[in-house]
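If you want the building blocks of each chain, they are given just below.
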Amino acid sequence: RGYQVLAAAGRGEAGSQLALAQHLGVDRTVMTYLIDDLESAGLVERRPDPADRRARRISRTDDGGARLCALERALRGAE
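Colleague: Explain the overall build of the chain to me, please; I cannot follow it from the model alone.
Modeller: Counting secondary structure elements, the chain contains four helices and two strands. What you see for the chain is a C-alpha radius of gyration of 12 Å, in line with the 12 Å of a compact globule of 79 residues. Oriented by its inertia axes, the alpha-carbon framework of the chain measures out at about 40 × 25 × 20 Å. In the chain, which comprises 79 residues, the proportion classed as buried is 34%. Within the chain, contacts between residues at least 6 apart in sequence are counted, and of these 41% link residues at least 24 apart. Counting only carbon and sulfur atoms, one obtains 46% of the accessible surface of the chain, whose full area is about 5,200 Å². Here the chain holds 13 positive side-chain charges and 12 negative ones, and the gap between their average locations is 2 Å.

Dropping the structure here:
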């Protein structure tokens, strides 16, 4: 699931936390914990949505981008 969040954030599909949960088919409460963990690891961050200050947009950090590249290389190697 973490890989899916990183990939979606990199493609600009993340949007809000709720929209991301719906897009990936993950329960919104589970998504909260997942993003908390990714944020603690420095891979994603929550930013205020300029269109709705109550919502937070999920964006990938530089470290998150590097981790995603490493994961994609490992996946290609395994395939």
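Colleague: Where do I start with a nonpolar patch on the surface in this structure?
Modeller: A grouping of Y3, L71 and L75 is seen on the molecular surface, where their side chains present a nonpolar patch of about 230 Å² in accessible area. Among the structural elements, L75 can be located in helix α4 (residues 62-78). The partly exposed category is assigned to L75, whose relative accessible area is 41%.

About the thresholds
Every residue gets a number counted from 1 within its own chain, in the order that chain's sequence is written. For a predicted model such as this one, the threshold for reporting local features is a pLDDT of at least 70, and the threshold for listing and counting side-chain atom pairs is 80 or more; totals across whole chains, interfaces and linings nevertheless cover every residue. Where side-chain values are given, they derive from all heavy atoms of the structure, hydrogens and water being excluded. Strands are runs of DSSP state E lasting at least 2 residues, helices are runs of H or I lasting at least 4, and numbering of each runs from the N terminus. Just to be clear, the radius of gyration here is over C-alpha atoms, and the globule rule we use is 2.2 Å times residues to the power 0.38. To sort residues, take the accessible area from a 1.4 Å probe on protein chains only and compare it with the maximum for the residue type: under 20% means buried, over 50% means exposed, and anything in between is partly exposed. Every residue pair with non-hydrogen atoms within 4.5 Å of one another is taken to be in contact. Using a 1.4 Å probe, the Shrake-Rupley method yields the accessible areas, and only the shown protein chains count as cover for residues. Asp and Glu are treated as the negative residues and Lys and Arg as the positive ones, with His and the ends of the chain left uncounted. By convention, the point assigned to a charge is CZ for Arg, NZ for Lys, CD for Glu and CG for Asp. Patches in this entry comprise residues that are over 30% relatively accessible and not in a salt bridge; like charges within 9 Å are linked, as are nonpolar side chains (Val, Leu, Ile, Met, Phe, Trp, Tyr) within 5 Å. Here, a salt bridge means any side-chain nitrogen of Lys or Arg that lies within 4 Å of a carboxyl oxygen of Asp or Glu.

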